[in-house]
2 protein chains.
Amino acid sequence: MRTSQTLIPTLREDPGEAETVSHRLMLRAGLIRKVAAGIYTYLPLGLRIIRKVEQIIREEMNRAGAQELLMPIASPAELWKETGRWDYYGKELLRFKDRHERDFCLGPTHEEVITDLFRREVRSYRQLPVNFYQIQTKFRDEIRPRFGLMRGREFIMKDAYSFDVDEAGAKLSYQKMYDAYTRIFTRCGLTFRAVEADTGLIGGDVSHEFMVLAETGEATVVYTDKGAYAANLERAEVPPPADADPSPLRPLAPAATPQRRTVDEVTAFLKVSPRQLVKTLLYTAEKDTVAVLIRGDHEVNEVKVARLLGVNEIQLATPEKVKELTGAPPGFAGPVGLKVRILADHAVKGMKNFVVGANQPDTHYVDANLDRDFSVDRFADLRNAQAGDPSPRGDGALVVAKGIEVGQVFLLGTKYSQKMNATILDDQGKERLAIMGCYGIGVGRTAAAAIEQNHDERGIIWPYPIAPFHLHLLPVSQSEKTAQATAALYDALQAAGFEVLWDDREERAGVKFNDADLIGAPFQVVVGDKGLADGVVEIKVRRTGAKSRVAPAEIVNHLRALVSASA
Amino acid sequence: MRTSQTLIPTLREDPGEAETVSHRLMLRAGLIRKVAAGIYTYLPLGLRIIRKVEQIIREEMNRAGAQELLMPIASPAELWKETGRWDYYGKELLRFKDRHERDFCLGPTHEEVITDLFRREVRSYRQLPVNFYQIQTKFRDEIRPRFGLMRGREFIMKDAYSFDVDEAGAKLSYQKMYDAYTRIFTRCGLTFRAVEADTGLIGGDVSHEFMVLAETGEATVVYTDKGAYAANLERAEVPPPADADPSPLRPLAPAATPQRRTVDEVTAFLKVSPRQLVKTLLYTAEKDTVAVLIRGDHEVNEVKVARLLGVNEIQLATPEKVKELTGAPPGFAGPVGLKVRILADHAVKGMKNFVVGANQPDTHYVDANLDRDFSVDRFADLRNAQAGDPSPRGDGALVVAKGIEVGQVFLLGTKYSQKMNATILDDQGKERLAIMGCYGIGVGRTAAAAIEQNHDERGIIWPYPIAPFHLHLLPVSQSEKTAQATAALYDALQAAGFEVLWDDREERAGVKFNDADLIGAPFQVVVGDKGLADGVVEIKVRRTGAKSRVAPAEIVNHLRALVSASA
């Protein structure tokens, strides 16, 4: 494709609206433009990338035996009322009325619509398993859409739904999708981890998230180097420590800690390790307040605390509440004499002679001890896993990394089939609820994650399989000789199966080089009078910057070798 | 693909909801299912057809130099307010509010969004011409959605928008699209005509509709056999007749016509030809009433009358109004003594001694004459063209046919660029409004029109290029021998590039034949023990029913020959 005939409005300056690398580079490279908050137009280059990701997904879904269909964007309220999600789903579900005042929503996901199709069209276990998927535009009215395609309101998603006659079949369908997702993200050229995850709004029993590893990721994942265990931080289990501190108990003693509130301040002042302090955090959970005890060098995992308490979410108590319950400002709370329910992380159980707040201003206790000085109502796994923690599967130490969720698979069970009465006849002629799974991939988000993982200060470095073009052809002089050589190369490279973007603008070489690095095709082919005089053109590998000079007749073979080497 | 692994819920009975052939057959063949009024899920086979039409469109749009991009479905009100269409567009524009109470609509068309992109990203005449297109889901909240994909609310459309610096360029862009559309519908295997058309809600100066000819079509088109002139009925011009009746005038005389009101009743009773009668139709146009005179064998074209009067629409006057103005019930109105403005079709001008209503119950006049008995305020082209009428281009007689509009092209001019201030710098450095064109194809409607044009009483007969599968492979016995031969054929046919649907269900031959005829793959390959004993399988051409017996080793060549012959 010729640059002069394609809208590629590259920007030299960082656009003000962009907060993340991928958002900034997608705007700068002319891939997308904003129409409204969280709503974008995909420009020609952006659309090419989207289509490549879609095609990889499609091929692997088909290979896994899934059937492609296409459901509507407008979804009638009746179906959502059957499952209760019409009321339960928050404002992200964009509801509207048609001209006849009938209620609809813009589909943010399609469990209801597909389950309705299934119950009307599939009757017998003989037709199972089935897995229906679509690649379709979704709408979720995010309260604060941001980061470009990473958290948009209108976005393209692949969603799939499996139906099985029994649990064993459902697990197999789930595993097939897990395997397909692994192939998909591998084929996209991404470094990723599948991690155990919570099931959230979608529900169900088992779930994995597929996380593209990138320093700029919003999510934290932990895994073992050997890869046998991986989970997102919310979910990652921390086993109880094996050994307890064998020290003899010392008597409880108050210590003045004037204006020292944080773990760092208190332990530095008292000259002890943070491992020798127990933090006391007060949380409000619905109407109750609880105290959570956690070792000084650990962090509370609020999802775990909420799950233990059986509530949707918890909040840190207000300073006023802390004062009311402890008699002291925040920073000096402690378990000794505290009149609320006390939960403690497993790590606290083995500790001896530790520092806690004294529930008096500017005072801590040193040498506090469990049972003797206070009692704990419940010990549990309440903290975030940390690098170096032992794996809960006993397969080594955990590594921590940042990631971007690009896909998630759920074993749903009968959550939807029960509410919508989606049954099938089993081999005994008995009606059974279908066992479902659902499986999503954010298409645009996958492209954005690829950028977060593959860029440098000059621009994007596309993985070959999802690059908008394989090659950027850059004539750097305006001579007839260069023009002819470029045209011949363009034809030869396209005939060899390469997708070529030919920068045929009358621009300076520097402008072309900058745009090429920004747009990020894996290879650049530079054609100029100087090289041609020596019988060569220059090939630059975008990722490494490595350059080589090659005779035009050799270029196809040379590029094929480079592609093989980079795969 | 195997039938057992694909959802193809064929129906034996005609579904009650379907009114047209294509709607009925799309439901019966398991191509689509209704989710809500005018809103459908495309099942696997339906989606394959849609994708084939899309791909043909995409290839021809690209070949014509258009650039594919993708705009959002949710469209912010601000842009629509700039052009005035936020208020002007009726209830078909589905408006909604997001969680922050901002106004949006579901895009029924994208002139506003693309013009906004253009004005922000394109600056110079050097970047022109450009033509941006997308294949995207649209929503129009039709008051009475019907006929399946023919008039849905949510539907897939290819829409394109061209921008030029001057009229000459815009006409060239228009012609390129006209040519591309001609290639697209030809490649889809359809019989169609491009006809001159009105511009309606979209606006602009020049427009053509692409009509698939089918007896069941809603629209009427006229054209000359040689093909130089073609128009839809609303638009088709009728030149004034060349010659006038040379008869001498006879005196006006009343004639009793008891209970005879219609042209047929009156002319049969008076024993004259309908060509010798002038109908007088009273129309209400906004606040006025006018009379329209039209020869007895002609039909009023209300669009032409409305255009002449400069109003959006006209209605036949109520019986009460007719009585008030003529003193007689409907059926006896005439121009003699009538106190309203009188318009007459050109054909009336040359008539002599004709029959008209007498504005008295049960009475007509015979031998009425222009000027002597009444005067006409304006003669104009006010009737529908009819078969046999001379072409307005002088290239022969008109033919009339029914058609289905599948595409329309518009030369918009500056309608949108002016309101949205979409300017470019010309080669003198002067700002100019971009000259636009827009171009739409209904993707699902094209598939539906293909069915209306290609079916018989047993089902669909797909044109090869858009068939969901090229071949339907039908094993008709359950023997091991047949199973093996079928599996081998399946592999061989797919390896040869054919798309094969293998009916691997354990069903009777009759059921398989019925489904195959219903689904309508162009070719059926029947494999059975009897044939195999003779060393042959049977090939049936769906369109002609012609059958041939072919050795399995010959089948690929044989089918290729059949495909060539049918193309």
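Residues numbered from 1 in each chain as written. Chains lettered and ligands numbered in written order. Predicted model: local features only at pLDDT ≥ 70, side-chain atom pairs only at ≥ 80, totals over all residues. Heavy atoms only, no water.

Going by the annotation in an unreviewed UniProt entry, the name recorded for chain A is Proline--tRNA ligase, with Nitrospira moscoviensis given as the source organism. Here chain A is described in UniProt, under the heading Subunit (unreviewed entry), as follows: "Homodimer." Its UniProt record, at the heading Subcellular location (unreviewed entry), says of chain A: "Cytoplasm". (UniProt positions renumbered as here; feature names shortened; annotations may be inferred.)

Draft legend 1. Spotlight on the overall build of chain A. Along chain A, the regular secondary structure elements total 16 helices and 31 strands. Burial status across chain A gives 58% buried among its 567 residues. Summing over all exposed atoms, chain A offers an accessible surface of approximately 23,500 Å²; the carbon and sulfur share of this is 49%. (Helix = DSSP H or I, 4+ residues; strand = E, 2+ residues; numbered from the N terminus. Buried < 20%, exposed > 50% of the residue type's maximum accessible area, 1.4 Å probe, protein only. Areas by Shrake-Rupley, 256 points an atom, 1.4 Å probe, with all protein chains shown as cover.)

Draft legend 2. Summary view of the sheet that holds strand β16 (residues 315–316) of chain B. Residues and elements named next belong to chain B. Strand order in this open sheet of 5 strands is β16-β14-β15-β17-β20, and the pairing throughout is mixed. Each edge of the sheet is formed by a strand with only one pairing partner; in this case those strands are β16 and β20 (378–380). Across 8 bridges, the pairing between strand β14 (residues 278–285) and strand β15 (residues 288–295) is antiparallel. The residue of β15 that forms the bridge with A285 is D288. (Pairing = 2+ DSSP bridges.)

Draft legend 3. Representation of the relation of the copies chain A and chain B within the structure. Screw-axis analysis of chain A against chain B gives a translation of 0.0 Å along the axis, an RMSD of 0.1 Å, and a rotation angle of 180°. What the superposition gives is, in effect, a two-fold axis relating one chain to the other. Among all C-alpha atoms of chain A, that of F96 of chain A lies closest to the rotation axis, at 3.0 Å. Most of the interface of chain A is mirrored in chain B: 100% of its interface residues are interface residues there too. (Least-squares fit on C-alpha atoms with pLDDT ≥ 70 in both. Contact = heavy atoms within 4.5 Å.)

Draft legend 4. The arrangement of the sheet that holds strand β30 (residues 537–541) of chain A in detail. Residue and element names in this part refer to chain A. Across the sheet, 5 strands lie side by side as β28-β27-β29-β30-β31; this open sheet has mixed pairing. A single partner strand is all that each edge strand has here, and the edge strands are β28 (500–502) and β31 (547–550). Strand-to-strand, the axes of this sheet are offset by a mean angle of 25°, without reference to chain direction. The pairing of strand β27 (residues 471–475) with β28 spans 3 bridges and is parallel. Bridged to L471 within β28 is V500. Along the sheet, helix α14 (residues 509–519) makes contact with β27, β29 (523–527) and β30, crossing β27 at roughly 175°. (Axes fitted to C-alpha atoms, helices over the stretch in contact; angles between N-to-C directions.)

Draft legend 5. Main features of the interface of chain A and chain B. In this assembly, 51 residues from chain A lie in contact with 51 residues from chain B. Buried area between chain A and chain B, both sides added, is near 4,400 Å², and the carbon and sulfur share of it is 61%. Of all residues in chain A, L7, L70 and R99 of chain A give up the largest surface area on contact with chain B, accounting jointly for 16% of the area buried on that side. Where chain A touches chain B, the interface holds 6 salt bridges. (Buried area = accessible area lost by both parts, 1.4 Å probe. Salt bridge = Lys/Arg side-chain N within 4 Å of Asp/Glu carboxyl O.)

Draft legend 6. Unusual backbone geometry, seen in detail. All names here are of chain A. The omega angle of the peptide bond from L128 to P129 is -5°, so this bond is cis rather than trans. Relative to the elements of secondary structure, P129 occurs in the loop between α5 (111–121) and β7 (130–139). The phi dihedral of N353 is positive, around 50°, even though this residue is not glycine. Structurally, the position occupied by N353 is in the loop between α10 (346–349) and β18 (354–360). The buried category is assigned to N353, whose relative accessible area is 4%. For D362, which is not glycine, the phi dihedral falls at a positive 55°. Summarising the element assignment, D362 is placed in the loop between β18 and β19 (363–368).

Draft legend 7. Just the side chain of K304 of chain A, in detail. All names here are of chain A. With respect to the secondary-structure elements, K304 resides in helix α8 (residues 302–309). A polar atom in the side chain of K304 sits 2.6 Å from the backbone oxygen of A236. The residues contacting K304, other than those within four sequence positions of it, are E234, A236, E237, V238, D381, L382 and R383. (Polar contact = N/O pair within 3.5 Å; in protein donor to acceptor, adjacent residues only side chain to side chain.)

Draft legend 8. Looking closely at the packing of aromatic side chains. By the definition in use, this model includes 29 aromatic pairs over all chains. The interplanar angle of 55° and the centroid separation of 5.3 Å between the aromatic rings of Y181 of chain A and F210 of chain A together place this pair among those described as tilted. Taken as a pair, Y181 of chain A in helix α6 (residues 167–187) and F210 of chain A in strand β10 (residues 206–213) lie far apart in primary sequence, 29 residues in all. An aromatic cluster of three or more residues is present, and its members are Y178, Y181, F185, F192 and F210 of chain A. The ring of F469 of chain A has R48 of chain A sitting right over it, with the charged end atom 3.9 Å from the ring centre. Positioned over the ring face of W86 of chain B is R95 of chain B, at 5.3 Å from the centre of the ring. (Phe/Tyr/Trp six-rings, centres within 6.5 Å; stacked < 30°, edge-to-face > 60°. Lys NZ or Arg CZ within 6 Å of the ring centre and 35° of its normal.)

Draft legend 9. Local environment of the domain arrangement of chain A. All names here are of chain A. Split by domain assignment, chain A resolves into domain 1 (3–237 + 400–452), domain 2 (253–380) and domain 3 (469–566). Computed from C-alpha coordinates alone, the two centres of domain 1 and domain 3 are separated by 37 Å. Both faces combined, the contact of domain 1 with domain 3 buries some 1,000 Å², and carbon together with sulfur accounts for 58% of it. By the criterion of area lost to domain 3, the three top residues of domain 1 are T3, T10 and R48, representing 44% of everything that side buries. Viewed at the interface, domain 3 and domain 1 are joined by 2 salt bridges. Notably, a salt bridge pairs K52 with E499, separated by 2.5 Å at the nearest N-O pair. One can count 6 residue pairs in polar contact (both at pLDDT 80 or more) joining domain 1 with domain 3. Residues that form the side of domain 1 that touches domain 3 fall into these classes: 5 nonpolar, 3 polar and 4 charged. (Domains from an automatic or database assignment. Nonpolar A, V, L, I, M, F, W, Y, C, P; charged D, E, K, R; others polar.)

Draft legend 10. Spatial organisation of helix α12 (residues 443–453) of chain A. Buried residues dominate α12 of chain A, accounting for 11 of its 11 residues. V443, G444, R445, T446, A447, A448, A449, A450, I451, E452 and Q453 of chain A are the residues of α12 of chain A that are buried.

Draft legend 11. Geometry of helix α2 (residues 44–63) of chain A. All names here are of chain A. For α2, which comprises 20 residues, the first-to-last C-alpha distance of 28 Å matches the rise-based estimate of 28 Å (1.5 Å per residue) to within 8%. Of all 20 residues that make up α2, 14 are buried, and the element is covered over most of its length. Positive backbone phi, at 85°, marks G65, one or two positions downstream of α2. (Expected span 1.5 Å × (residues − 1).)

Draft legend 12. Looking closely at the environment of R12 of chain A. Residue and element names in this part refer to chain A. By the element assignment, R12 lies in the segment before α1 (21–28). C-alpha separation for the pair R12 and L518, spaced 506 residues apart in sequence, amounts to 9.5 Å. R12 has contacts with R28 and V511, leaving out every residue within four places of it along the chain.

Draft legend 13. Geometry of the nonpolar core. Residues F96, F118 and F163 of chain A together with F96, F118 and F163 of chain B are the most contacted members of the largest nonpolar core, which totals 82 residues. Residues within four places of F96 of chain A in sequence aside, it is in contact with A74, R102, D103, F104, C105 and L106 of chain A together with L94, F96 and L106 of chain B. (Core = buried A, V, L, I, M, F, W, Y, C linked by side-chain atoms within 4.5 Å.)

Draft legend 14. View of the pairing of strand β11 (residues 219–224) of chain A. Residue and element names in this part refer to chain A. With respect to burial, β11 is a largely interior element, 5 of its 6 residues being buried. Where β11 meets strand β12 (residues 230–232), 3 bridges bridge the pair, whose relative direction is antiparallel. In the strand pairing of β12, Y223 is matched with A230. Counted between consecutive antiparallel strands, the loop separating β11 from β12 contains 5 residues, among which G227 sits at a positive phi close to 85°.

Draft legend 15. Fine view of the packing of helix α2 (residues 44–63) of chain B against helix α6 (residues 167–187) of chain B. All names here are of chain B. Running from N to C, α2 and α6 point in directions that differ by 150°, and their axes come no closer than 9 Å. By the angle between their directions, the pair α2 and α6 is classed as roughly antiparallel. For the crossing formed where α2 meets α6, the hand is right-handed. Every residue of α6 that contacts α2 at I56, I57, E59, E60, M61 and R63 is listed here: M177, A180, Y181, R183, I184 and R187. Taken together, the residues of the contact of α2 with α6 break down into 7 nonpolar, no polar and 5 charged. (Parallel < 35°, antiparallel > 145°, perpendicular 65-115°, else oblique. Left-handed = near helix turned anticlockwise from the far one by under 90°.)

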